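# Analysis of the macromolecular model
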Amino acid sequence: MKKILLGLTLASACLMATDGAAIYKKCIACHGAKAERVAPGSKGDVKIAGMAKDRLVEQLKGYAAGTADNGGAKAIMYANMKNFKLTDADIEAVADYISKLPPVK
């Protein structure tokens, strides 16, 4: 019985896991399908594909708080983060997904 309960718990946890790839689909218009584009107005010609997960989490949480500033498009990111209503788990998942994309030069 314990094995069955454990199995059901693990299965439900997997079903509830946040899908970073699905969340990222909201970002394609500005960042590209594989995060290969520089977002409009961003500083430094930075593409987010392959960026370190912790840096992505920091930036996304900063945009959610209205404090991150990477150029002219910050207002778009502030609005997106407000409208998307991403949880911390969502931010972790999408950051993990982006960090595993092949970097683009």
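Check the entry above for the structure.
Procedures and definitions
- Residues numbered from 1 in each chain as written.
- Predicted model: local features only at pLDDT ≥ 70, side-chain atom pairs only at ≥ 80, totals over all residues.
- Heavy atoms only, no water.
- Helix = DSSP H or I, 4+ residues; strand = E, 2+ residues; numbered from the N terminus.
- Salt bridge = Lys/Arg side-chain N within 4 Å of Asp/Glu carboxyl O.
- Buried < 20%, exposed > 50% of the residue type's maximum accessible area, 1.4 Å probe, protein only.

## Side note on unusual backbone geometry
For Asp 45, which is not glycine, the phi dihedral falls at a positive 55°. Position of Asp 45 relative to the elements: it lies in the loop between helix H3 (28-31) and helix H4 (53-65).

## A few points about the pattern of salt bridges
Scanning all chains against the criterion turns up five salt bridges. Between Asp 69 and Lys 74 there is a salt bridge whose closest N-O contact spans 3.3 Å. Of the residues examined, Asp 69 reaches a relative accessible area of 36% and is grouped as partly exposed. The class of Lys 74 is partly exposed, set by a relative accessible area of 31%.

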